[in-house]
Amino acid sequence: MANILETVGLNSQADATLDQVTADATATTKSRRRKGIIVQPENVNEQLKTDRRQPPSSNRTTNPLTVSLGLTRDLVKQNKTTNSVLELIGFYINHFILLSLFFVISIFKNIQFAYRYMFLKVLTLSYYPNKSPQVIREDVNKLSKIPKVVSCILDLKDDEDENGGVLGLTNQIGELAAWCISAGIGQLIIYEYSGVLNQSSESLTSLSRYISKNLTLYFGTDTKPTFSITIPHKNLITFSEGASSTNRKVDLEISLISYVDGKPTIVDLARTMGELAVNGELSPKDINAELIDGELTDLVGPEPDLLISFAPSLDLEDYPPWHIRLTEIYWEPDNKEVSYPIFIRALQQFSNCKVNIGK
Amino acid sequence: MSDWISTFPGYKQVLTTAKKTFGRIIRTGPVPKHVGIIMDGNRRYAKSHNLEIKEGHSLGFDSMASVLELLYESGVECATVYAFSIENFKRSTVEVKWLMDLAKSKFRQINNHGELCEEYGVKVRILGNKSLLPDDVLEILNETEEISKNNTRAVLNVCFPYTSRDEITHSVRETVRECMGNPNMIINEQTLDDHLYTKDSPKLDLLVRTSGTFRLSDFLLWQCVSPDCAIVFIDKLWPAFRPWDMAKILINWGFNKYWYGGHANGYPHAYKRIKHDEDDDDEEEEEEVNGMLEANGVSETNGSSGFKRYDAEQ
């Protein structure tokens, strides 16, 4: 299987096990060095190391210490301001009403959860891809339009969970890739907060191998589609078997992005622009939305048309903010799995939406 | 139905009292500090009700005033409304003129009566690329900002002409400009945060988009990708959006915060948590605690609310 893949490394920071560095690669780097704006990988790496691996449920710091400090402070404050007893009673009556309200809501939400659970089960029964591209094709043919670029937010689950750990993620990406190719979508962007998959060329190789295997299940060995996997922030590209280096046309381009491709990349861009401005190579007046858009498209990728979140509630998890301007967002409440019904329903929603910029 | 009820005498008083009561109740729990609203659907509403587009926009303004009243009664410190996008300049010149006229007349009304300012103590701030506005509109807007600048109770950010990409570009540009004066400055996320238009407002907690569209349409992108911000899409056109709908959203937000322990998006992502080695965990926590002590991390509390929030940044 080793010769299946042609791994191209563009970055000295990337692992040394890369097979070939083609002339094509240097050309890409050159285009990145255009205007001298290139993100230093060192910084990005450091940031990644210091980050938590899980998406935070909050950016604000709350721990037992801050809570107790705040409560103490509150106590002191309350002693100073003379709260009348009447006010205090009023507060507790209102708070009691609120809590009873919350209690009722919680009962309601439990019923809702049960209902949605049933609904999702019915959906899984009614839409079943059966590992056959024809079935997916039929579902998609009913739609008036399909997105060109689809992005998915995946969550790294606990190793012990179903579909958990890196293996689970690999499995999910494999399925998504097969569905995208069957539906005729040209580009798939996978966002995973911690970036476990886009660390080294080895993980890329194994991912690529897994996807090829999964595609064989869908398409058979004779007409197996080609694909490429890129990691924009490490500058790594892998092509599947059949996609020769001379002919760069593939059926599906997959790119793996993570937290570092979001705000940290914009920060790095600002830093680099700052350095250039100090050296007099760039004037602040020249910085406009087109320039930043061009750079970020180079560094991270295009703006997706459709963003599918497979989390139970909508949480963008620090997705690159620049890239979700007109993106249609889809998620299914209380759904935790990466399943075909969610994917096809997202496409259905997209086909019904009407984009009119400003008008 | 609601139109019919609103013809009753005393309806307004009842509504105001209801808002006040609701505000008093919800204030005792967690309340978002900063709410962003995309007011979408004025034109579609006008079309479906056989009204002129102008009237649709005008109804939208009334709806906004009514919803804002509820927000401020509920203890929201800052509301940001998307009044006009830079892309909206692409609309027909007649409509752009209507919108500008509407803005002019409404702001002039605010200036003359001072109702917003006196009754609610609202400070109006105009966010966006003001250089794109006609001079006469700009003059009135500046006047409004000037009149209300001493109010402290709540803030209303009016995004007029605004897009988030423009805001981020502006932030980068200003950062670079500052960097030229001081080449050794450290640029991080906080630096860019500090140069956004919304720098003086608390962090965004809730984003509401009406008209059943699942897009952010270039509004507060930088702010809303944070996991602290809940994004709510409502399947109602903006003029049909009632304070009652907003009340439901607020109470749902409060419930999620209260019930799920600080997660605004409505679900405990507990299943995601990966078990680390216990020793590792302790070390990390200790570091965090030390960091907190140094950063003097406790911000002012929410006062009457039984649910406090603390912010390391302030």
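Residues numbered from 1 in each chain as written. Chains lettered and ligands numbered in written order. Predicted model: local features only at pLDDT ≥ 70, side-chain atom pairs only at ≥ 80, totals over all residues. Heavy atoms only, no water.

### Points about the overall build of chain A
From N to C terminus, chain A includes ten helices and eight strands. A sequence separation of at least 24 residues applies to 73% of the contacts in chain A between residues at least 6 apart. Carbon and sulfur atoms make up 56% of the accessible area of chain A, which amounts to about 16900 Å² in all. (Helix = DSSP H or I, 4+ residues; strand = E, 2+ residues; numbered from the N terminus. Contact = heavy atoms within 4.5 Å. Areas by Shrake-Rupley, 256 points an atom, 1.4 Å probe, with all protein chains shown as cover.)

### Brief notes about the packing of aromatic side chains
Residues and elements named next belong to chain B. Applying the stated criterion to the full structure yields 21 aromatic pairs over all chains. Pairing Y162 with F219 gives two aromatic rings, centres 5.8 Å apart and planes at 75°, and the pair type is edge-to-face. With Y162 in the loop between β4 (154-159) and α8 (164-181) and F219 in the loop between β5 (206-209) and α10 (221-224), the pair connects residues that are 57 residues apart, well separated along the chain. Judged by its relative accessible area of 0%, Y162 is buried. Overall, the relative accessible area of 0% leaves F219 in the buried class. Consider the rings of F255 and W259, whose centres lie 5.1 Å apart with planes at 20°: the pair is stacked. (Phe/Tyr/Trp six-rings, centres within 6.5 Å; stacked < 30°, edge-to-face > 60°. Buried < 20%, exposed > 50% of the residue type's maximum accessible area, 1.4 Å probe, protein only.)

### Structural notes on the packing of helix α8 (residues 263-278) of chain A against α8(B)
One way to put it is that α8(A) packs onto α8(B) with a least axis distance of 9 Å and a crossing angle of 40°. With respect to each other, α8(A) and α8(B) are oriented oblique. As for how α8(A) packs across α8(B), the hand of that crossing is right-handed. Facing α8(A), whose interface residues are A:I266, A:A270, A:M273, A:G274, A:A277 and A:V278, α8(B) presents B:I168, B:V172, B:V176, B:C179 and B:M180. (Axes fitted to C-alpha atoms, helices over the stretch in contact; angles between N-to-C directions. Parallel < 35°, antiparallel > 145°, perpendicular 65-115°, else oblique. Left-handed = near helix turned anticlockwise from the far one by under 90°.)

### Some remarks on unusual backbone geometry
Residues and elements named next belong to chain B. One non-glycine residue, N50, lies in positive phi territory at about 55°. When its relative accessible area of 73% is taken as the criterion, N50 is described as exposed. Despite not being glycine, L220 shows a phi value in the positive range, around 45°. Mapped onto the elements of the fold, L220 is located in the loop between β5 and α10. You can call L220 buried: its relative accessible area is 0%.

### With respect to the sheet that holds β4(B)
Strand pairing in a sheet takes place through backbone hydrogen bonds and is either antiparallel or parallel in direction. All names here are of chain B. Strands sit in the order β3-β4-β2-β1-β5-β6 across an open sheet of six strands; the sheet is parallel. The open sheet has two free edges, formed respectively by β3 (122-127) and β6 (230-233), since each of these has just one partner strand. This sheet shows a mean twist of 15° between the axes of neighbouring strands, independent of strand direction. Seen against the sheet, helix α11 (residues 243-259) touches β1 (34-38), β5 and β6 and runs at an angle of roughly 145° to β5. (Pairing = 2+ DSSP bridges.)

### Quick word on the nonpolar core
With 55 residues, the main nonpolar core has A:M273, A:L316, A:Y319, B:V172, B:L207, B:L216 and B:I231 as its most contacted residues. Elements represented by at least two residues in this core include exactly β2 (149-154), β3 (187-192), α8, α9 (289-299) and β8 (328-331) of chain A together with α8, α10 and β6 of chain B. In terms of residues, this core owes the most to one element, α8(A), which gives seven residues. Sequence-distant contacts of B:L216, that is, excluding residues within four places in its chain, are made with A:L316, A:I324, A:R325, A:I329, B:I38, B:L207, B:R209, B:L221, B:C224, B:I231 and B:F233. (Core = buried A, V, L, I, M, F, W, Y, C linked by side-chain atoms within 4.5 Å.)

### Structural notes on the pairing of β1(B)
Residue and element names in this part refer to chain B. Of all five residues that make up β1, five are buried, and the element is covered over most of its length. Of the two faces of β1, both are covered, the one formed by H34, G36 and I38 as well as the one formed by V35 and I37. Alignment of β1 against β5, held across four bridges, turns out to be parallel. Looking at the pairing, V35 lines up with L206 of β5.

### Considering a negative patch on the surface
All names here are of chain A. Taken together, D159, D161, E162 and E337 make up a surface patch of like negative charges. Among the structural elements, D161 can be located in the loop between β2 and α6 (165-183). Since its relative accessible area comes to 33%, D161 is described here as partly exposed. (Patch = residues over 30% accessible without salt bridge, like charges linked within 9 Å, V, L, I, M, F, W, Y side chains within 5 Å. Salt bridge = Lys/Arg side-chain N within 4 Å of Asp/Glu carboxyl O. Lys, Arg positive; Asp, Glu negative; His and termini not counted. Charge placed at Lys NZ, Arg CZ, Asp CG, Glu CD.)

### So, helix α10 (residues 340-352) of chain A
All names here are of chain A. Given a rise of 1.5 Å per residue, 13 residues ought to cover 18 Å, and the 19 Å separating the end C-alpha atoms of α10 matches this to within 8%. α10 sits mainly inside the fold: ten of its 13 residues count as buried. Among the residues of α10, Y340, P341, I342, F343, I344, A346, L347, Q349, F350 and S351 are the ones counted as buried. Residues of α10 that are buried in the fold lie against α4 (85-126), α5 (133-141), α6, β7 (306-309) and β8. (Expected span 1.5 Å × (residues − 1).)

### With respect to a positive patch on the surface
A cluster of basic residues, B:K20, B:R24, B:R27 and B:R153, forms a positive patch at the surface. Position of B:R24 among the secondary structure elements: in helix α2 (residues 11-26).

### Section: a nonpolar patch on the surface
On the surface, A:F103, A:V104, A:I107, A:I111, B:Y258 and B:W259 cluster together to form a nonpolar patch covering roughly 590 Å² of accessible area. At the level of elements, α4 of chain A together with α11 of chain B are the ones that each hand at least two residues to the nonpolar patch. The element contributing the most residues to the nonpolar patch is α4(A), with four residues. Relative to the helices and strands, A:I107 is located in helix α4. For A:I107, a relative accessible area of 42% gives the class partly exposed.

Interpretation in functional terms is not warranted from these geometric data alone.
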